[in-house]
Each structure stands twice: as C-alpha cells, then as structure tokens.
Amino acid sequence: MGEGATTITEKLARERRLRLAAERLLEQKSRELFAANQQLAIHARALSEQIVEQRQVVASALSEAEALKGQNSRVLSELERAHAAAVMAERRLLDSLETIRDGFAIFDAEGRLVTANGAYLAPFVGQDEVAPGIAYPRLLAIAAHGGAIDLEGRAAADWIAAMTARWEEEHIATQVIRLASGRFVRLIDRRGRGGDTVCMALDITETITRERELEEARARAEAASRAKSAFLANMSHEIRTPMNGVVGMAELLCDGSLSEEQRLYAETIRSSGEALLHIINDILDYSKIEAEKLVLHPEPVDVERLVHEVAVLLQPRATAKGIDLTIDYDMFLPTRFEADPGRLRQVLVNLVGNAVKFTEAGHVLVRVVGFEADDGRWQLHVSVEDTGIGIAPEHLEHIFGEFNQVEAESNRKYEGTGLGLAITRQLVTLMGGEVWVESTPGEGSCFGFRLLLPAAA
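## Comments concerning the overall build of the protein chain
Logical step 1: Check the secondary structure of the protein chain and you find nine helices and twelve strands.
Logical step 2: Put simply, the protein chain has 457 residues, and 30% of those count as buried.
Logical step 3: Contacts in the protein chain between residues far apart in sequence, at least 24 positions, make up 58% of those at least 6 positions apart.
Logical step 4: For the protein chain, the exposed area adds up to about 28,800 Å²; of that, 56% sits on carbon and sulfur atoms.

## Considerations on the pairing of strand 5 (residues 197-203)
Logical step 1: Sheet topology places strand 1 (residues 103-107) next to strand 5; five bridges connect them, and they run antiparallel. Bridging from a neighbouring strand, alanine 105 pairs with cysteine 199 of strand 5.
Logical step 2: The sheet contact formed by strand 4 (residues 184-191) and strand 5 spans seven bridges and is antiparallel. Within strand 5, the residue paired with isoleucine 188 across the bridge is methionine 200.
Logical step 3: Between the end of strand 4 and the start of strand 5, which pair antiparallel, lie five residues, with glycine 195 showing a positive phi angle near 95°.

## Observations concerning the sheet that holds strand 7 (residues 324-329)
Logical step 1: With mixed pairing, five strands are arranged side by side in an open sheet as 7-9-10-12-11. Taken across any chain shown, the strands that pair with only one partner, and hence form the sheet edges, are strand 7 and strand 11 (434-440). Direction aside, the axes of adjacent strands within the sheet are offset by 15° on average.
Logical step 2: Strand direction decides the pairing type here: strand 9 (residues 363-372) and strand 10 (residues 377-386), joined by nine bridges, are antiparallel. If you follow arginine 367 over to strand 10, its bridge partner there is serine 383.
Logical step 3: Across the sheet, helix 7 (residues 303-321) touches strand 7 and strand 9, and the angle it forms with strand 7 is around 170°.
Logical step 4: Across the sheet, helix 8 (residues 341-357) lies against strand 7, strand 9, strand 10 and strand 12 (444-454), angled at about 170° from strand 12, the strand it touches most.

## What about the pairing of strand 11?
Logical step 1: Summarising the sheet, strand 11 and strand 12 pair through seven bridges and their orientation is antiparallel. By the bridge assignment, tryptophan 436 is partnered in strand 12 with glycine 448.
Logical step 2: Following strand 11, the chain reverses through three residues before pairing antiparallel with strand 12; glycine 442 in that reversal takes a positive phi of roughly 85°.

## A closer look at the side chain of serine 445
Logical step 1: As for its position among the elements, serine 445 is in strand 12.
Logical step 2: A relative accessible area of 8% means that serine 445 is categorised as buried.
Logical step 3: A polar contact is formed between the side chain of serine 445 and the side chain of serine 439, at a distance of 2.7 Å.
Logical step 4: Look past the residues within four positions of serine 445 in its chain and what remains in contact with it is Val384, Glu385, Asp386, Gly390, Ile391, Glu438 and Ser439.

## Quick word on helix 7
Logical step 1: With 19 residues, helix 7 should reach 27 Å at 1.5 Å per residue; the first-to-last C-alpha distance of 27 Å fits that figure.
Logical step 2: Of all the bends in helix 7, the greatest reaches close to 45° and is centred on leucine 314; the proline proline 316 follows between one and four positions later.
Logical step 3: Residues Val303, Leu306, Val307, Val310, Ala311, Leu314 and Ala318 constitute the buried set of helix 7.
Logical step 4: Buried residues along helix 7 sit against strand 6 (299-302), strand 7, strand 8 (336-339), helix 8 and strand 9.
Logical step 5: Its side-chain oxygen at 3.2 Å from the backbone nitrogen of glutamate 304, aspartate 302 defines the N-terminal cap of helix 7.
Logical step 6: After helix 7 finishes, the residue glycine 322 shows a positive phi value of roughly 75°.

## Focus on the packing of aromatic side chains
Logical step 1: Going through the model one piece at a time under the given rule, you end up with three aromatic pairs.
Logical step 2: The interplanar angle of 75° and the centroid separation of 5.3 Å between the aromatic rings of phenylalanine 107 and tryptophan 167 together place this pair among those described as edge-to-face. Placement of the pair is phenylalanine 107 in strand 1 and tryptophan 167 in helix 4 (residues 156-167), with a sequence separation of 60 residues.
Logical step 3: Chaining the aromatic ring pairs together yields one cluster made of Phe107, Tyr136 and Trp167.
Logical step 4: The ring of tryptophan 167 has arginine 191 lying over it, and the distance from NZ or CZ to the ring centre is 5.2 Å.

## Here we look at the pattern of salt bridges
Logical step 1: Tallied over the full model, the rule gives 16 salt bridges.
Logical step 2: Between aspartate 150 and arginine 178 there is a salt bridge, and its shortest N-O distance comes to 3.8 Å. Here aspartate 150 is found in the loop between helix 3 (136-145) and helix 4, whereas its partner arginine 178 is found in strand 3 (residues 175-178), with 28 residues between them in sequence.
Logical step 3: A relative accessible area of 29% means that arginine 178 is categorised as partly exposed.
Logical step 4: Note that arginine 367 is salt-bridged to glutamate 385, the shortest N-O span being 2.4 Å. Pair noted here: arginine 367 is in strand 9 and glutamate 385 is in strand 10, with a separation of 18 residues, a long-range link.
Logical step 5: Relative accessible area serves as the criterion here: at 26%, arginine 367 is assigned to the partly exposed category.
Logical step 6: A relative accessible area of 24% means that glutamate 385 is categorised as partly exposed.
Logical step 7: Connected through shared salt-bridge partners, Asp108, Glu110 and Arg112 make up one network.

Conventions we followed
Residues numbered from 1 in each chain as written. Predicted model: local features only at pLDDT ≥ 70, side-chain atom pairs only at ≥ 80, totals over all residues. Heavy atoms only, no water. Helix = DSSP H or I, 4+ residues; strand = E, 2+ residues; numbered from the N terminus. Buried < 20%, exposed > 50% of the residue type's maximum accessible area, 1.4 Å probe, protein only. Contact = heavy atoms within 4.5 Å. Areas by Shrake-Rupley, 256 points an atom, 1.4 Å probe, with all protein chains shown as cover. Pairing = 2+ DSSP bridges. Axes fitted to C-alpha atoms, helices over the stretch in contact; angles between N-to-C directions. Polar contact = N/O pair within 3.5 Å; in protein donor to acceptor, adjacent residues only side chain to side chain. Expected span 1.5 Å × (residues − 1). Bend = angle between axes of the 7 residues up to and from the residue. Phe/Tyr/Trp six-rings, centres within 6.5 Å; stacked < 30°, edge-to-face > 60°. Lys NZ or Arg CZ within 6 Å of the ring centre and 35° of its normal. Salt bridge = Lys/Arg side-chain N within 4 Å of Asp/Glu carboxyl O.

Set out below in structure tokens:
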C-alpha cells in the first residue's frame, strides 16, 4: 500500500512538473507570438505605406502618361504638318527649277544623283538609266559613249578620266563643254556642307557666239586699222617727197629777181607748200603712234634753250598779229634734262603754235616751273597761256580727239587737220606725262603738260 502511494505521488509530481514546464513553454511561445505579431504589425504598416506610395506613383505615372500621350499627339500632328509643308516646298522648288532654262542637279556624298531638272537631263533623252540613283562616273560614261557630248576629237576614255579627276577635287573647277547639238554649257559644281554636290549647267551658247563675233570684228578692225595706218604712212611719205621739191623750188624763186606780183605768187606757193607739209607730217606722226611704231630717243637737252628756240620760230607770226610772245622759265630749275628733243619740240610747237593761231590780241605766255622729285628726277610743269578765243567747257575733252576741232562761228576761219592736240597728248603720254587744259570762252585758254624727267649732267 505504501509503495502504491509513493508511486502515485511521484506520478503526480512528475505530471505537475510536466504541466509547469508546458505552462512555461506556452508562456514563452505566447511571448514569441506576441513579438511576432508586433513585428508583423510593423511590417504590415510599412507595407501599407509602401502600397499607398506606390499607388501615388502609379497615379502620377498614369497622369504623366496621359499628358505625354496628348503631347505626343500634338507632336505627331505638328510633324505631319511640317512634313506636308516640306513636301510642298520641295514640290514648289522642283517646279521652279523646271521653269529655268539652265540645268540643275544634286548629287549625294557618294556621287549618286538625288534630283535633277529637265534641262540637266535633256542631253540624255532616251537613256532610261539616267535617273535618280545613278552614279556620276556612270553618267559621264553614258554622256561620252552615248553621243550626248561633242568630244572635239578626244578619246572618250580620256574625256571621262579628266572629268572624273575634276569631280574628285575638293574645289571643283568650272568646265565648259560642248553638247552634240552644238550648244555650249558651263558646268559649275559646288560642295555642300553635308557632302552633297550642287551642280549647275549654264547654257552660254549665245555668249560664246557673241564673243566669237566680237573677236572676228576686232580682228577685222585691227586689220583695217593696220591697213589704214600703212596707207597713211605710205601716202604721207610719197606726198612729202614731191612737196619738198615744190617748197624748195618756191624758195629759190623767191630768192631770184621777181616782180612784186610774181613774188606774191611764189610766196603763196611756198607758204601753201609748208602748210601742206605740216599737215602731212601730222598724219605721218599719227599713223606711227597708232601703229605703236613711234620710239623715243632720250638724250641730254637744254629745255630752256629749246623753249626759246620755239619762241623764236613762232615770233614772226606773233609779231605779224601784234601779240606779245613771252617766256617765264623758273630760274631755280636746272636747264638740262634727259628727253627726246625732237618730240619735246614738237609738243611745244603744237601748243604755242595753237595759242598764237587762236589769239588775235593780247599775249601768249610760256611758263616752265617744277620741283625736284626723287632719284635726280624733276617734275616739270609747262603751261602755255593765251588771251585768245577760248573753248567752251563741253568741248574741252573733244579737242584732244583725232581729227577734231571745235565747230564754232569764231573758229571756222582757222584751218587745220585737228590732229595737233591729239598727237600732243599721245606724245606726252608716251613720255610718261599728262596733258591738261583750262579755258574760258572769249577770255583765253591755258594748255599744259607735266613730265617727270631726269636731270642731265
């Protein structure tokens, strides 16, 4: 009995311990479950907040998507309008290019034809291969072998090689070609920024024809001018020879014993012959200058003495008319210079002679001034002033023309060829100088010239 009670007590104690252990384990699991519930609640709250945030992001994204969709629609609409405008502009441009008579084409960076107007493609009528996409070398081959180009005796391969080398240059040179139809075309090709090449084919047939006509007209004019100059030179020389005989014989007659009437006749023959010789010499000089055969022969010349000699030569004519012929030579100027004495004398005789000729009363003054320029050269200013009939302003340039004289009532009684001043200006120009004139009708004139001459030792 005692053993049985002990066994029960032990079982009860063991069960109690087991129950306590189970209670402690349950309490521990309860605490763990509570902690897990707390952690789960935290995670739940975080997840809830994240979901709310994600919903806001999704809502914002949907809103932006709607906005982008509307903007995309506007962009597409504007793009369509821009494309339509570009197509219209391109069509208008092509239509405009078709209206011009000159050729126009565009090649891409690889040398393939992009577009061309009818004038550019006209030489290739019947060549179906010549269309957008054809390469430039192939176009050259078709042009050379298809008979579109007049090769002017050159081999087709040589022409193609030369044109290809030209095309490959950075700056394409302008080229003139002749079509089989006889038309002339100037090719002008320019590189674009994107590598494209813009080509123009200008029809210059009329220009070439006009240039040839002008060249032929110039050649004919030069031939006529040479013939005229040769004729004038020959005739002047042939006429001058017998005229010298006439003047010489007239002078011999004047030196003989003649009656007053006979002497008058002989003097008339002599003076007329000298006047005719003067005219012939003017024509001969003019023909030489025009033919560029006149050569200057500079030598040391005493300019002051030369001016006095010209004055002495013309003094009798001035005295006969009752006018004063005076000289004003700058005393500070050298007197000897390097110049052609014959031509310088001729210029002075022309200017002083004209002044005496057209002055009825008053004076004729020859003034020589100047200053030292450089390298021993002197700038000479020679002027001839008179108190003659004068020249109207509109006739000042006219009088330096060939065979020109002022046509006025007061001038018709004066004879001459109208070559004197023309020869004077050309001689002064040939000597490196220039001529000028100032005049007032009824008061007088001032003719002058400038020369840059080296001083002679």
